[in-house]
Structures are given as structure tokens and as C-alpha cells.
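As a plain string of letters, each chain reads:
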Number of protein chains: 2
Amino acid sequence: MSPSYQPIAFEDKLSRFTDQWAPRVIAEMNDNQFKLVKIEGEFVWHTHHDTDEAFIVLAGEMAIEFRDGQVTLKSGEMFVVPKGVEHRPYAALVCSVLVVEPRGVVNTGDVGGAMTADNDMWV
Amino acid sequence: MSPSYQPIAFEDKLSRFTDQWAPRVIAEMNDNQFKLVKIEGEFVWHTHHDTDEAFIVLAGEMAIEFRDGQVTLKSGEMFVVPKGVEHRPYAALVCSVLVVEPRGVVNTGDVGGAMTADNDMWV
């Protein structure tokens, strides 16, 4: 019997959860993970000291604030936060984002706290 | 003066080139690259022995053929070809794809030939 190769559909995966700031892994490429996350409101300032972090907006609009500026991302736009750069994601309205980063990265980076999500949750 | 943080917009980047099967780097995350590529028709069978390769379809539809099956990807869908698995991308009509893979990966993998594109072309 041949294996069944199935596409990973963002809309389908996004329909399976509603909680915000709680990334869900949908795929891995080598040691990296592709994670869907729904965000709304203001996250915490944090830093990933050991890795870059890529944000791809799938629906809605978000900002990534830095201590000296910010970038606004709409659907079909991406940005890579360089490692070591303090940042704070923000979305006025709910926004769906594909995050790409190494396996094991915690969403709140170096600061922890109440918004820290479980790691390696798949959907 | 504050730095200027600019989003990377897929549509804008795609508008800057027309050649097919010629990936353009738009961003890097650690040692990985995000590449836009326009494809149409049939590529060559090839294998990447040392790395997985992620395909995210941005517009249009493509198939990835395997020796024992295939997967069809539409806009908003992705698939990761595991390392060592022989595959052949195909698109009946022009299709825009975001490929994520480590820096230095050659599009034709182990086989080379006329469809081998220059590596590390940025747009």
C-alpha cells in the first residue's frame, strides 16, 4: 500500500483551537518547527538570546515592537527578529501567525511569566 | 536615529522577478533561508540527502510527486519533504511557493543538470 501524503492546511489547523498566545506545532523541518499562533492584545517584552524568530502573518495584522521602533505586518508579510533583540508582539484584533523557529523555543523567551505557553503542543 | 524596520512582503518580492525554478532568498532565520520561487511544468527527480525541505504555497497549486504517491498543495497549504526522499515538484500553471531550507541547499539536490539554479540569489 502506498503511503498517504497529506497537505498541511493552515485554515484547517487554525480551526482546531481558539486560545491565544498558545503556539501549536504543525510541522518540523530538521530541528525547526512551524507553529500557528493566534494573538490579540499585547504580549510581554522578551528576548531569545540563542535564536532568530520568523513571523509570517496569515490573517489580520500585527506589530512587533522594539525598544527603538516597530514593524507592522499584514497578511502575506514576514519579519525575522534577530537573536538577542528584545521585542514585544502586539495585535489590536485577533491575528493568525505562522512562527518558524528551532524546536524548544519558549514563547516568552528569557522572561517567563503568566503568558508562557506549553511547548511542543501539536495540532 | 532609530532603525527602520521593514516588513518583507511576498507580493512585492514576487513582482521583482519572472524566471521560473530560480529561487530568490528573501530572509534568513539562523542558518535557514526563506526563498520565493515561481514554478510551472515539471521539475527533475532529485533528493536532498542532508536536509528536509519545506514548501508553502502562496498562490496557485502544485504537486510534489514521490515514487510511491504524491501530495497536492494549494494556497495556504504546506508540506515538508523529509531528507533522503526522492521527489519531483510539478505545477500545471504558474505557482508561487515559499521554500524554507538550510542555507546552501541547491534546488536540484543530488542530480544537478540544466535546471540547477544559482544559489543564494536575493531579491
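As a reminder, the structure under discussion sits directly above these lines.
Residues numbered from 1 in each chain as written. Chains lettered and ligands numbered in written order. Predicted model: local features only at pLDDT ≥ 70, side-chain atom pairs only at ≥ 80, totals over all residues.

## Some points on the relation of the copies chain B and chain A
Stage number 1. Rotating chain B by 180° about the axis while translating it 0.0 Å along that axis superimposes it on chain A, leaving an RMSD of 0.0 Å. Within this description, the copies of the chain are treated as partners about a two-fold rotation axis.
Stage number 2. A high fraction, 100%, of the interface residues of chain B reappear at the interface in chain A, so the copies pair face to face through one surface. (Least-squares fit on C-alpha atoms with pLDDT ≥ 70 in both. Contact = placed C-beta atoms within 7 Å.)

## Section: the nonpolar core
One recurring pattern in soluble globular proteins: nonpolar side chains tend to sit buried together.
Stage number 1. Residues Ala54, Phe55, Phe79 and Val97 of chain A together with Ala54, Phe55 and Val97 of chain B are the most contacted members of the largest nonpolar core, which totals 57 residues.
Stage number 2. When neighbours within four sequence positions are excluded, Ala54 of chain A is seen to be in contact with Met78, Val80, Val99, Val100 and Glu101 of chain A together with Ala27 and Met29 of chain B. (Core = buried A, V, L, I, M, F, W, Y, C linked by C-beta atoms within 7 Å. Buried ≥ 20, exposed ≤ 12 C-beta atoms within 10 Å, placed from the backbone.)

## As for the environment of Asp68 of chain B
All names here are of chain B.
Stage number 1. In this structure, Asp68 sits in the loop between strand E5 (61–66) and strand E6 (69–74).
Stage number 2. You can call Asp68 exposed: it has 11 C-beta atoms within 10 Å.
Stage number 3. Considering only alpha carbons, one finds Asp68 and Val85, 17 residues apart in sequence, at a separation of 11 Å. (Helix = DSSP H or I, 4+ residues; strand = E, 2+ residues; numbered from the N terminus.)

## Points about unusual backbone geometry
Stage number 1. Despite not being glycine, Trp21 of chain A has its phi angle at roughly 60°, a positive value.
Stage number 2. Mapped onto the fold, Trp21 of chain A is located in the loop between helix H1 (10–14) and strand E2 (24–29).

## Details of the environment of Val106 of chain B
Residues and elements named next belong to chain B.
Stage number 1. Mapped onto the elements of the fold, Val106 is located in the segment after strand E8 (87–102).
Stage number 2. Considered as a pair, Val106 and Thr116 are ten residues apart in the sequence and their alpha carbons are 7.1 Å apart.
Stage number 3. If we ignore the near neighbours within four places in the chain, the residues touching Val106 are Thr116 and Asn119.

## Topic: the interface of chain B and chain A
Stage number 1. At the interface, 31 residues of chain B touch 31 residues of chain A.
Stage number 2. Secondary-structure elements contributing two or more residues to the side of chain B that touches chain A are strand E1 (8–9), helix H1 (10–14), strand E2 (24–29), E6, strand E7 (77–81) and E8 of chain B.
Stage number 3. In terms of residues, the side of chain B that touches chain A owes the most to one element, E6 of chain B, which gives five residues.
Stage number 4. Its residues assigned to classes, the side of chain B that touches chain A shows 17 nonpolar, nine polar and five charged.
Stage number 5. Direction of pairing for strand E1 (residues 8–9) of chain A relative to E7 of chain B: antiparallel, over a ladder of two bridges. Pairing of Ala9 of chain A across the sheet is with Glu77 of chain B, part of E7 of chain B. (Nonpolar A, V, L, I, M, F, W, Y, C, P; charged D, E, K, R; others polar. Pairing = 2+ DSSP bridges.)

## Observations concerning the pairing of strand E5 (residues 61–66) of chain A
Residues and elements named next belong to chain A.
Stage number 1. In the sheet, E5 pairs with strand E6 (residues 69–74) via six bridges, with the strands oriented antiparallel. Residue pairing across strands places Met62 opposite Leu73, the latter belonging to E6.
Stage number 2. Linking E5 back to E6 in an antiparallel pair, the connection comprises two residues.

## Regarding the pairing of strand E4 (residues 53–59) of chain A
Residues and elements named next belong to chain A.
Stage number 1. Summarising burial for E4: five of the seven residues are buried, a large majority.
Stage number 2. Sheet topology places E4 next to strand E7 (residues 77–81); four bridges connect them, and they run antiparallel. Bridging from a neighbouring strand, Glu53 pairs with Val81 of E7.
Stage number 3. Two elements, E4 and strand E8 (residues 87–102), share five bridges in a ladder whose sense is antiparallel. When the bridges of E8 are listed, Phe55 appears paired with Val99.

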